[in-house]
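Residue-level structure breakdown
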Amino acid sequence: MKTHKFYLSLILLTLFISCSDDFVEEDPPFAVTSGTFFESESDFNNALIGAYDLTQATYINVILGEIASDNTHAGGESATDVVGWQQIDRMAQTPINADLDDVWDFNFAGVQRAAFIIENQDNIDFDGKAQIIAEARFLRAYFNFELVKWFGAIPIKPEGQFQLGEELSIPRSPLEDVYTFIEDDLQLAIADLAPQAPQVGRASKAAAQALLGKVFLYQDKFTESAQQLQAVIDSGQFHLFGTQEGEDFLDLFEFSAENGPESVFEVQYSGAQGAGFDCLQCSEGNVAVGFSGVRGYIGPVYESGFGFNLPTQETVDAYTNNDLRKELSILDIEAWANDTGATFNIGNQDPITGHTGFYNKKYIPRQNDNLPDANITHPNNYRAIRYADVLLMAAEAYNRAGTGTNDDLARQYLNQVRARAGLQPVNSSGANLLNNIYNDRRLELMGEGHRFFDLVRTGRAEQFIDGFQAPKNNVFPIPLEEIQFSQGNWEQNPGY
Amino acid sequence: MSKWIFLLLLSLTTTIAFSQQTVTGTVVDDANLPIPGVNISIKGTTQGTVTNFDGEFTLDNVSLNDIIVFSYVSFETQEIEFTGQQTINVKLEVSSEALDEVVVIGYGSSSKRKVTGAIATVSSESIEAIDPLNVAQALQGTSAGVNVTPNSGAPGAESNIRIRGVSTNGNSAPLIIVDGFQYDGGLNSLNPQDIESITVLKDAQAAIYGSAGANGVVLIETKSGERNQKAKVTYNTYVGLQETSRELSLLNSNEYVLLLNESYANAGLTSPAPSLSDIENDTDWQDEVFETAEVISHNISVVGGSENTDYSMSASHLDQEGIVGSDKSSFKRTTVKLSINTDVKDFLNLKANVFHTNNRSKGINSFGLGSVLFNAINIAPTISRDRDNLDGTIDLGNEVVNPLTQLRNTFNDFESNRLSGSFQAELDYVKDFKLTARYGFNTSKLNNREFFPEFNFGSSKVFNRDQNQVNLNQQDFYDYTFDLFHTIDKTFFDDHDVKFVLGMTVFRSHGEGLFGSRTDVPNNSFNFADLGTATGTGDNQTNGSFVSEFRRLSYFGRVEYSFKDRYLLSGILRRDTSSRFGPNNQTAWFPSVTTGWIISDEEFFDTGEWFNFAKLRASYGELGNDNIGDFLFLSLLNGEAEAILGENQELTNGQALGPLANPNIKWETSKKLDIGLDLSFFNSDLDVTIDYYSNEREDLLIPNIPVSGIFGTAAPGSSSPTINAGTVENKGIEVALNYNKEISKDFSFSVGYNISTIDNEVTQVNGTEFLEGGQFSVGQLPPSRMQEGEPIGFFYGLKTDGIFQTQAEVDAHPTQSTLGGPEAQPGDIRFVDVNADGIIDEADRTNIGDPIPDVTMGFNLSFRYKNFDFSAYSFANIGNEIVRNFERDQPNVNVLSRRLDRWTGPGTSNSEPRVTAGPNTNRIFSDYFVEDGDFLRIQTISIGYFFPEQILKTIGASSIKLYAKADNVFTFTDYSGFDPTASTGEPIGGGIDFGFYPVPRTYILGLNVNF
């Protein structure tokens, strides 16, 4: 009896002392940690895919950039549907704006994912690493350039990812420093990028050159800009879609023309995966497309959507009747309904932000078998930089370089774009030519998210956008929460 | 340290010598009648026996100076020291008070007299009277300071239990301990009829559970048999009918068309409504959606015991259908329970409990934008019930569809199988010294199958599917708790009682899950909805998995000391190590002290007839919380990285960082103070308990705390880190009164009342000014906040000041166009310029209410007259607000009939804005949408009839009770929604009503038979 007790006690005692604190020292099961990553070529490839993922979230830059401009009304269901967009349409934005915060957050998420690769670039060596690092630099520059367009001076950290706490110490760098940083990334990218992207959807050397040309243009560095853009033109990789056998210009924004001969850099979307409203940036589809669709639409060719981003009558009237781009860019819903028997609903009827009868035809939903919620998973790729844009930027750079000797080249590039639209060439030069370029730039790139920033960088925003005040509205307010997180380290943009 | 004490104690066991004898005797009552079944034990051991039918006993192996304890239900326990007597005859006194009731306190027990912490208990009588479908309901209104809110009225829905307020915006749910082991199955998987009692530890006494106890502890004891008890068989069954407790007052077709026409006319637009003479339908969608549904329950249990063993077993089945969607929203629960308690040797007791539960449920979209009830409220009455595709009717936005069609297209099946239990060995290795080893476990297997058929609800509806899809989800969880503890219970020099517990607990939880999804199920039918039968190919055929792992190691000690049975002191110290924290913060210590003074035992205290007992209690302690995700201190590559690459535009997966890591994450600490008074009056007929409490929760583990966007937390699959970022305080007073009186043999009654106040305040938020949450309407700013100086989760919106009556009033007021809409017109809501900057915008938002009740109350009444018994339970919440968010912001949806009282011209209304289909800012979140959530609910009324003796004899039963019961009988409230308890229960974002599935009113007829 006694011995039984003794042994039982002994067993329990053994249990008691056999447990020590290392019982809780467990590694996460089957998980990869940052400490065990970037140890193979595939790790670098996988991280790069993660950085490309965020280009899809730039849908918001496109649609909101368009709404901010004089091209479109915010639209939507009512005058308070997506309040942040409505305010921007009225140029009444304040630092409390959830949608501007999205622009900030989504693009910085892209910066951070690209920086994750760049800061680990020396971990291992393998063939093809330079290409991957170059693409990461291209993407970081792409996101940073978006941020600088929207917010002006931003915090930068060339060596890698921002770490918790650095919001208190890293300042908003002066504009020149941010631009230098973007230029450096792009120059390094251009040096290592292959002329042909390794896969459709990734950046080529020309994409980086075109972006750098645009970055220079935004700084009025016309000669440098023209040089980069000329390199893209000289590469011979691109031509205007619709100018060669078997191409129809009016198909340019259809699925069939995606990643075509005019595509310099294209953000890729797919409808093959479902998505939800709780994480719009997670969608693999182009959220802006569903948001731009006709409300309650029933009829051929198109699918319904939320009725945002509505071209105004003034925009439509800006096209001459023989301009093919009117047909390419604008859907007149009344006329279409008359022709086809389609039916639709009208949402917001506010005179300033509401219904116009027109839709942004380039990026409204086409019938397709995308997955639910179908309104936010449309597969329409965004033609971020297309050759027509390159030609028009080159024309502008040559014209504005100021020597006068390059107007011939400028006129030639402009007329290439006009010819495709079925228009007569212009013979102007100097300031008249520049006005022609500006005008065609608006009509050519209508609905593609460039107009607001073109007006701002050329100092014409106040003239065209109702309610716009320069210099206040040249940039958007830094989101209030960011000012608070930085505890005063980042100052608000003047006037907000 | 603890190991050495243990070794020392162990060495004592083998050195003490014994001399043992046998003693016999008889136990009688006041009237000298023998009492059978009296428990006789040697104190500090499990060694013991019981009296036979003649009240006689024989007790072996008694040592000199052993204390022999005689105890029997409703008699005073007596202790006699063994001094070598051969015979001990005992007369037991009838117990005059319930103060000697045993109270479980975690890793041991105490008596109601001597317990020094703040507890609430729910007795088996209350549980029987309430007879709940879910055990949690038995706590509502019966326990001061405990608030229970159902997640939904849907069958099988879980409830949120909050003890003394919401103190964290992480997980606020209390720890559930069933028969000593941690139970993680959710209370809806327990059979309520298996429950003997529920004890809630509300204060620092819960510190024995250390890091698991910060939200309070609910200790559930299940029914067990007694020694030498003839098998007692109980069969209980009931059938019930459930119906909705409320329907909202909405517009009928005529009213709808008239108001719609007016709203379009006000906007200068043509109305899309049919003309009055063309109205074809007047569908009452609520009538269409709500049904009367059945509930049926069977329960059978057997308890009993022999000399050395007692046992209990039970089986039950519950079948409940929903009042919305009937069989599409149903719950079936089957449970089996077995417990055995046996003395293998006089020094070794073994105990085993096993619970098995099979839950099977089907659910509908029940709480949120686009839920069935949301649609029933918003869809136009002019639409026919048979209209599956709403094209060609009227534009109702993208979410509102025919709720009947939605129900018909809902297919899912959720099944869970749980096996839980504990095995325990108690070893009395030396007098007064006891070792307990216990292994408790939960295993569960969850299978979820969902099918979304290909269907078109109408153009642009969010529920449309071009392709059908089946989703399968299987999850396995396993956890064990191993406890090893040592109890010493010793009296020194007559007056000094010491109880010492020293032990350790090992906890491990492991989970794995597999998910798969496939399209193109044959025949678009749920009957073939499986991954194998589906034929889809391409990117939408997806799969996934997860693995989780959590471990905790704890050492604890507790000393309970009482001097003269009247000065009570106990101290608890617990050390926890958790795998959820990084190397620097893995370990934390949690101390607590509780004290008590039984004033009524003092000589100066004159306990007369009317004042019988008084005890003053005080406790203070620190408890912890590690209720967060696993491995948050590490950066994991578990983010989402998907890009479309290649010629064929293929979805390509990469790797990316997941949630932002916080390497410095550490324990959340709860500092609990409680001062209480327990009083008894009128021969203990009236018990009064009064408590003041203050809980300060520091270093709140706030998940997903917003940080600057530069850290990339907006990236897919990433999220903000969990940070120790705040402090929340809950303070209040609880009073509980219970009066029991036996007027005569035929008539007895009891009345209970409790009231608790909660003063909740966030005292600190680090790193950010506020946290936001919740959702109001569509595309609006988050309506709920956590912010310093305010209650957690308060509503943050615009304040209103009536309706603009004239253009002059509009002109005199700061502009409202800065809200993003047009300038106001007469008939629109006037918002207050809170910051007085001359414009109305988002910066004018302020505190417009909060979802936490200031006061909660419970009132219970029961009486018994001859063969009848009656009981009524009710509870009330006062001082909480609720947000009406079931009205879709869309010009053509149906509305509440209060809108008939709209503004139509100067002086017509100062509360209901005009109707208009044009742009306006009336729908922006303001106190127009915030209503008083005060309510009083008559929860249960029950009447029972006990069959008389004669009938029982002929049947051979020992008791038969027939009863009728109504649940959720009536709710007194001004709230205009279905149910004022509507809430997701989220700390930030709760109290917002999206069209809550109301808790049904239930009429039940039941039968209870004992053999």
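Our structure's up above, just so we're on the same page.
Presented here is an overview of the structure given in this document. (Residues numbered from 1 in each chain as written. Chains lettered and ligands numbered in written order. Predicted model: local features only at pLDDT ≥ 70, side-chain atom pairs only at ≥ 80, totals over all residues.)

**Comments concerning the pairing of strand β41 (residues 794-797) of chain B**
Residues and elements named next belong to chain B. Here is the rule we go by: In this scheme every C-beta is placed from the backbone, and a residue whose C-beta has 20 or more other C-beta atoms within 10 Å is buried, one with 12 or fewer is exposed, and one in between is partly exposed. In DSSP terms, a helix is any run of H or I states spanning at least four residues, a strand is any run of E spanning at least two, and both are numbered starting from the N terminus. When DSSP finds at least two bridges between two strands, those strands are taken to pair.
Of the two faces of β41, both are covered, the one formed by F794 and Y796 as well as the one formed by F795 and G797. Pairing of strand β40 (residues 784-787) with β41, which is carried by two bridges, proceeds in the antiparallel orientation. Across the sheet, the residue bridging to R785 is F794, located in β41. Hairpin connection, β40 to β41: the antiparallel pair is bridged by six residues, and G789 has positive phi, about 85°. Looking at chain direction, β41 and strand β44 (residues 846-847) are connected through two bridges and run antiparallel. The partner of G797 across the bridge, within β44, is T846.

**Examining the interface of chain B and chain A**
You'll often see interface size given as the accessible area lost when the parts meet. Going by this rule: By the convention adopted here, residues make contact when the C-beta atoms placed from their backbones lie within 7 Å. Ten residues, namely Ala, Val, Leu, Ile, Met, Phe, Trp, Tyr, Cys and Pro, are considered nonpolar, four, namely Asp, Glu, Lys and Arg, are considered charged, and the remaining ones, Gly among them, are considered polar.
Every contact between the two is made by 92 residues of chain B and, on the other side, 91 residues of chain A. When residues of the side of chain B that touches chain A are traced back to their parent elements, those giving at least two are α1 (2-15), β22 (411-430), β23 (433-452), β25 (496-519), β26 (542-563), β27 (567-578), β30 (642-645) and β31 (650-653) of chain B. Taken together, the residues that form the side of chain B that touches chain A break down as 39 nonpolar, 35 polar and 18 charged.

**Describing the sheet that holds strand β16 (residues 217-222) of chain B**
In a beta sheet, neighbouring strands are held together by backbone hydrogen bonds and run either parallel or antiparallel to one another. Residues and elements named next belong to chain B. In spatial order, the strands read β10-β15-β16-β13-β14; together these five strands make up an open sheet with mixed pairing. Looking at strand neighbours, the two that pair on one side only are β10 (119-122) and β14 (181-182), the edges of this open sheet. Note: strand β15 (residues 195-201) against β16, six bridges, orientation antiparallel. Its bridge partner lying in β16, V200 is registered against V218.

**Section: the sheet that holds strand β47 (residues 881-884) of chain B**
Strand order in this open sheet of three strands is β48-β47-β51 (chain B), and the pairing throughout is mixed. Edge positions in the sheet fall to β48 (930-932) and β51 (992-993) of chain B, since each has one partner strand and no second.

**Regarding helix α3 (residues 253-266) of chain B**
Residues and elements named next belong to chain B. Condition: Expected helix span is taken as 1.5 Å per residue step, with the number of steps being one fewer than the number of residues. The arc in question is traced by the directions running from the helix axis to the C-beta atoms.
An ideal rise of 1.5 Å per residue puts 20 Å on 14 residues; α3 measures up with 20 Å between its terminal C-alpha atoms. All of the buried residues along α3 are S253, Y256, V257, L260, S263 and Y264. Buried residues in α3, looked at end-on, bunch into an arc of 130°, giving them a common side. Note on α3: the residue one or two positions beyond its end, G268, has a positive phi of about 70°.

**Some remarks on the environment of A:V267**
Residues and elements named next belong to chain A. Along the chain, V267 falls in strand β2 (residues 263-267). V267 gets classed as buried once you count the C-beta atoms within 10 Å, which come to 23. Expressed as a C-alpha distance, the spacing of V267 and K361, which sit 94 residues apart in the sequence, is 18 Å. Discounting residues that sit within four places of it in the chain, V267 has contacts with T55, Q56, T58, N381, Y382 and A384.

**Observations concerning the packing of helix α3 (residues 59-68) of chain A against helix α5 (residues 98-118) of chain A**
All names here are of chain A. The condition that has to hold: With axes taken as lines fitted to C-alpha atoms, and helix axes fitted only over the stretch in contact, angles between N-to-C directions fall between 0 and 180 degrees. Roughly parallel means an angle under 35 degrees; roughly antiparallel means over 145; roughly perpendicular covers 65 to 115; every other angle is labelled oblique. By convention the crossing between two helices is left-handed if the near helix lies anticlockwise of the far one by an angle smaller than a right angle, and right-handed if it lies clockwise.
Orientation of α3 relative to α5, taken along the N-to-C sense of each, is 140°, at an axis distance of 9 Å. It follows from the interaxial angle that α3 and α5 lie oblique. Crossing geometry of α3 relative to α5 is assigned as left-handed. When α3 is examined against α5, the residues I60, N61 and L64 are found in contact with a partner set consisting of D99, D102, V103 and F106. For the contact of α3 with α5, the class distribution of residues is four nonpolar, one polar and two charged.

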